[in-house]
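Structure assessment
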Amino acid sequence: MELREVYLDYSATTPVKEEVFQEMVPFFMERYGNASSLYTPGLDAKRALDHAREQVAALINAKPQEVFFTGCGSEADNWVLYGVADAYKEKGNHIITTIEEHHAMLHTCEYLEKHGFEITYLNIDEKGRIDLEEYKNAFTDKTILASIMLVNNEVGTVHPIKEMAKIAKEHGVLFHTDAVQGLGNVPIDVVDMGVDFLSMSAHKIYGPKGVGALFMRRGIRIPNFIHGGAQEMGRRAGTENVPGIVGFGKAAELARVNFDKHVSHCKELRDYLAEKITKEIPDTYINGDMENRHPGNLNVTFEYIEGESILLMMDARHVCVSTGSACSSKSLKPSHVLAAMGVPDELIHGTVRFTVGDFTTKEDIDYVVENLKEVVAWLREVSPLGPGKSWN
């Protein structure tokens with residue numbers, strides 16, 4: 001079989017689209033002004049930032065003045081947690097989140113716990129779903145924030161954020177959602193959803209790395225996370241990454257315009273991949289809810305073998321996949337998400353995440369599955385835990 005390059009890790013990052021790149025190029029050398037300067041090149045940069053803010057706001061149905069650019073989605077998450085903790089500490093010290101959140105949330109919550117805050121970590125079931133009754137019962141008179149991710153980055157489960165935000169509002173509690181994986185992949189309307197904060201990142205929607213954004217509902221005031229100048233309407237200091245923000249804006253515009261086409265394309269290829277793997281490779285299991293799911297996500301457990309071995313052998317065949325969330329793929333610790341879903345450690349270690357995107361083709365899927373069959377068969381043959389084998 002002729003070698004081809006196949007990238008199936010779109011949830012880790014996406015390539016920058018040509019239209020996005022071309023939009024950014026002038027702001028490196030020709031339109032290089034500092035957006036805080038009052039002369040013409042600076043005003044030109046400021047107009048570009050304002051336009052990008054409008055483009056990002058349009059993608060989530062927000063007002064432009066409610067969008068604040070950050071360095072990444074993790075910064076946006078941190079800003080919300082630290083900011084609410086500081087601004088509302090007189091009201092209470094209790095935060096509700098889930099056991100499956102991105103480490104940008106979990107590690108920050110761990111830090112807050114060391115400084116007197118109480119965190120309730122909601123469980124998830126075998127499909128990665130949250131029990132709404134457990135969520136309702138978690139609120140106390142000390143709760144100041146509920147933060148629930150929109151789409152899980154490992155198994156792709158989509159959570160009922162509108163309903164959960166409504167419950168938080170009934171308790172007079174602020175609501176945040178980490179929408180980094182959901183942006184451009186599931187419908188997002190901050191007005192309809194009723195959220196107070198929403199985190200985003202450009203590099204998940206075919207934009208550049210190193211730029212994110214936080215939606216903060218108008219009228220809410222929390223302390224700045226980065227102090228210094230008066231950039232971002234006085235809410236986030238630091239000279240703006242104008243080329244990156246311009247790229248984010250263009251990527252957001254394309255995501256909005258092409259949303260239906262993108263989702264349909266990804267679902268079709270994701271389901272095709274799922275069908276081929278489960279039919280052609282025995283002893284495989286799909287993790288998560290196939291109905292309420294990110295359109296491009298497929299998380300698969302291959303019994304008897306290590307997912308890391310699959311990753312390395314597929315990489316040798318020019319195929320890129322992940323053994324979990326990209327941020328933790330270098331760790332030998334079992335996925336905290338799959339563990340929370342009740343998957344045994346030995347099966348967690350045999351799990352691979354495939355995520356398709358706009359540039360994936362049916363031919364790519366065929367190539368991946370043919371190589372995957374060979375890799376899995378060989379690994380099971382040499383594994384002491386393969387079918388029909390035992391340690392005796």
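Structure: see above.
Residues numbered from 1 in each chain as written. Predicted model: local features only at pLDDT ≥ 70, side-chain atom pairs only at ≥ 80, totals over all residues. Heavy atoms only, no water.

Turning to the overall build of the protein chain, a few remarks are in order. Helix and strand counts for the protein chain stand at 15 helices and twelve strands. Here the protein chain has a C-alpha radius of gyration of 22 Å; the compact-globule value for 392 residues is 21 Å, and the two agree. With respect to the three principal axes, the spread of C-alpha positions in the protein chain is 70 × 55 × 35 Å. Here the protein chain holds 392 residues, and the buried ones make up 55% of them. When contacts within the protein chain are restricted to residue pairs at least 6 apart in sequence, those whose partners lie at least 24 apart make up 73%. With an accessible surface of roughly 17,400 Å², the protein chain has 52% of that area assigned to carbon and sulfur atoms. Charged side chains in the protein chain number 40 positive and 57 negative. The centres of these two groups are separated by 5 Å. (Helix = DSSP H or I, 4+ residues; strand = E, 2+ residues; numbered from the N terminus. Rg over C-alpha atoms; globule rule 2.2 N^0.38 Å. Buried < 20%, exposed > 50% of the residue type's maximum accessible area, 1.4 Å probe, protein only. Contact = heavy atoms within 4.5 Å. Areas by Shrake-Rupley, 256 points an atom, 1.4 Å probe, with all protein chains shown as cover. Lys, Arg positive; Asp, Glu negative; His and termini not counted. Charge placed at Lys NZ, Arg CZ, Asp CG, Glu CD.)

Overall, antiparallel pairing links the three strands, which are arranged 9-10-12 in an open sheet. Strand pairing shows two members of the sheet lacking a second neighbour, strand 9 (284-287) and strand 12 (351-355), which therefore form its edges. Taking each pair of neighbouring strands and ignoring which way they run, the sheet shows an average axis angle of 30 degrees. Where strand 10 (residues 297-302) and strand 12 come together, five bridges link them in antiparallel fashion. Counterpart to Thr301 in the pairing with strand 12 is Thr351. Across the face of the sheet, helix 11 (residues 259-280) comes into contact with strand 9, strand 10 and strand 12 while running at roughly 15 degrees to strand 10. (Pairing = 2+ DSSP bridges. Axes fitted to C-alpha atoms, helices over the stretch in contact; angles between N-to-C directions.)

Right, let's talk about the pairing of strand 10 for a bit. Of all six residues making up strand 10, six are buried, and the element is well covered by its neighbours. By the alternation rule, side chains of strand 10 split into Asn297, Asn299 and Thr301 and Leu298, Val300 and Phe302, which are all buried. Pairing geometry for strand 9 and strand 10, over four bridges, is antiparallel. The residue of strand 10 that forms the bridge with Tyr285 is Thr301.

In this structure, Tyr135, Phe175, Ile188 and Phe248 are the most contacted members of the largest nonpolar core, which totals 63 residues. Sequence-distant contacts of Phe175, that is, excluding residues within four places in its chain, are made with Tyr135, Leu145, Ala146, Ile148, Ile161, Met164, Ala165, Ala168, Val195, Asp196 and Phe197. (Core = buried A, V, L, I, M, F, W, Y, C linked by side-chain atoms within 4.5 Å.)

Moving on to unusual backbone geometry. Its identity is not glycine, yet Asn61 carries a phi of approximately 60 degrees, on the positive side. When you line up the elements, Asn61 lands in the loop between helix 3 (40-60) and strand 2 (67-70). Of note in this structure, Met233 is not a glycine but carries a positive phi near 60 degrees. Tracing the chain through its elements places Met233 in helix 9 (residues 231-234). Look at Met233 and you get partly exposed, because its relative accessible area is 43%.

Below, the discussion takes up the sheet that holds strand 2. Spatial ordering of the open sheet is given by 2-8-7-6-5-3-4, a layout of seven strands whose pairing is mixed. Edge strands, defined here as strands with exactly one partner in the open sheet, are strand 2 and strand 4 (118-122). Pairwise comparison of adjacent strand axes, ignoring direction, gives a mean angle of 20 degrees for this sheet. Bridging between strand 3 (residues 94-98) and strand 4 involves five bridges; their strand directions are parallel. Across the sheet, Thr98 pairs through a bridge with Leu122, a residue of strand 4. In the packing of helix 4 (residues 73-87) onto the sheet, contacts are made with strand 2, strand 3, strand 5 (143-147), strand 6 (174-178), strand 7 (197-201) and strand 8 (212-216), and the angle to strand 7 comes to roughly 160 degrees.

All right, on to the pairing of strand 8 then. Counting buried positions along strand 8 gives five out of five residues, so the element sits mostly inside the fold. Burial along strand 8 is two-sided: the residues Gly212, Leu214 and Met216 and Ala213 and Phe215 are all buried. In this sheet, strand 8 lies alongside strand 2 in antiparallel orientation, the contact comprising four bridges. In the strand pairing of strand 8, Phe68 is matched with Leu214. Bridging between strand 7 and strand 8 involves five bridges; their strand directions are antiparallel. Paired with Phe197 across the two strands is Met216, which belongs to strand 8.

The N-to-C vectors of helix 12 (residues 307-316) and helix 15 (residues 362-382) enclose an angle of 130 degrees; their axes lie 10 Å apart at closest approach. The angle between helix 12 and helix 15 falls in the class oblique. Along this stretch, helix 12 crosses helix 15, giving a crossing that reads as right-handed. Residues Ser309, Ile310, Met313 and Met314 of helix 12 form the contact with helix 15, whose participating residues are Val368, Asn371, Leu372, Val375, Val376, Trp378 and Leu379. (Parallel < 35°, antiparallel > 145°, perpendicular 65-115°, else oblique. Left-handed = near helix turned anticlockwise from the far one by under 90°.)

Here the focus is the environment of Glu163. Here Glu163 is to be found in helix 7 (residues 161-170). Judged by its relative accessible area of 39%, Glu163 falls in the partly exposed class. Here the alpha-carbon distance between Glu163 and Phe28, two residues 135 residues apart in the chain, equals 43 Å.

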